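The chain contents come next:
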Amino acid sequence: MKKMTIGIFALSSRAHILFASKYKYAKSRLLELGFNVKERVNELIDLILDEDIDILMLVIGGYNSANLLSNLDFDKIKNS
């Protein structure tokens, strides 16, 4: 079975800095469970279009994330 990849992102904050110990723990648990992990901040569209990523995981945030909608290329998302 293919090892699945999770793309970790935070819409409105830098979780890996603000909650460093919790973030490191969660990442280590995902790795222990056998997942690959990709991390990027403020690059949601890149995560959506990345064919290596099977799962997107929001780690924190959402406040003010509706402002991202006008910047997303929904045609690219639909075609991915």
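Scroll up to find the structure.
Residues numbered from 1 in each chain as written. Predicted model: local features only at pLDDT ≥ 70, side-chain atom pairs only at ≥ 80, totals over all residues. Heavy atoms only, no water.

Chemist: Where do I start with the overall build of the protein chain in this structure?
Modeler: Within the protein chain, the regular secondary structure consists of four helices and three strands. For the protein chain, the α and β elements follow one another from N to C terminus as β-α-α-β-α-β-α. A burial count over the protein chain gives 21% of its 80 residues as buried. Contacts in the protein chain between residues far apart in sequence, at least 24 positions, make up 79% of those at least 6 positions apart. As displayed, the protein chain offers around 5,900 Å² of accessible surface, 55% of which is attributable to carbon and sulfur atoms. (Helix = DSSP H or I, 4+ residues; strand = E, 2+ residues; numbered from the N terminus. Buried < 20%, exposed > 50% of the residue type's maximum accessible area, 1.4 Å probe, protein only. Contact = heavy atoms within 4.5 Å. Areas by Shrake-Rupley, 256 points an atom, 1.4 Å probe, with all protein chains shown as cover.)

Chemist: For this particular structure, what's the right way to read the sheet that holds strand β2 (residues 36–39)?
Modeler: Within a sheet, neighbouring strands are paired by backbone hydrogen bonds and run either parallel or antiparallel to one another. Here we have three strands laid out as an open sheet, ordered β2-β1-β3, and parallel in their pairing. Pairing within the sheet leaves two strands with one partner each, and these edge strands are β2 and β3 (55–58). The sheet shows a mean angle of 30° between the axes of neighbouring strands, direction not considered. Contacting β1 (5–9), β2 and β3, helix α2 (residues 20–32) crosses the sheet at an angle of about 145° to β2. (Pairing = 2+ DSSP bridges. Axes fitted to C-alpha atoms, helices over the stretch in contact; angles between N-to-C directions.)

Chemist: Mind showing me how you'd approach the side chain of D50 here?
Modeler: When you line up the elements, D50 lands in the loop between α3 (44–49) and β3. D50 sits in the buried class, given a relative accessible area of 14%.

Chemist: Would you mind showing me how to read the nonpolar core here?
Modeler: A general trend in soluble globular proteins is that nonpolar side chains are found buried together. Within the largest apolar cluster, five residues are counted, these being I6, I8, Y23, L30 and V37. Secondary-structure elements contributing two or more residues to this core are β1 and α2. (Core = buried A, V, L, I, M, F, W, Y, C linked by side-chain atoms within 4.5 Å.)

Chemist: I tried to follow the pattern of salt bridges on my own but got confused; where do I start?
Modeler: Pairs can form between side chains of opposite charge whenever their charged atoms are close. Counted under the stated rule, the structure contains one salt bridge. With a closest N to O distance of 2.7 Å, R29 and E32 form a salt bridge. Placement of the pair is R29 and E32 together in helix α2, with a separation of three residues, close to one helical turn. R29 sits in the partly exposed class, given a relative accessible area of 34%. (Salt bridge = Lys/Arg side-chain N within 4 Å of Asp/Glu carboxyl O.)

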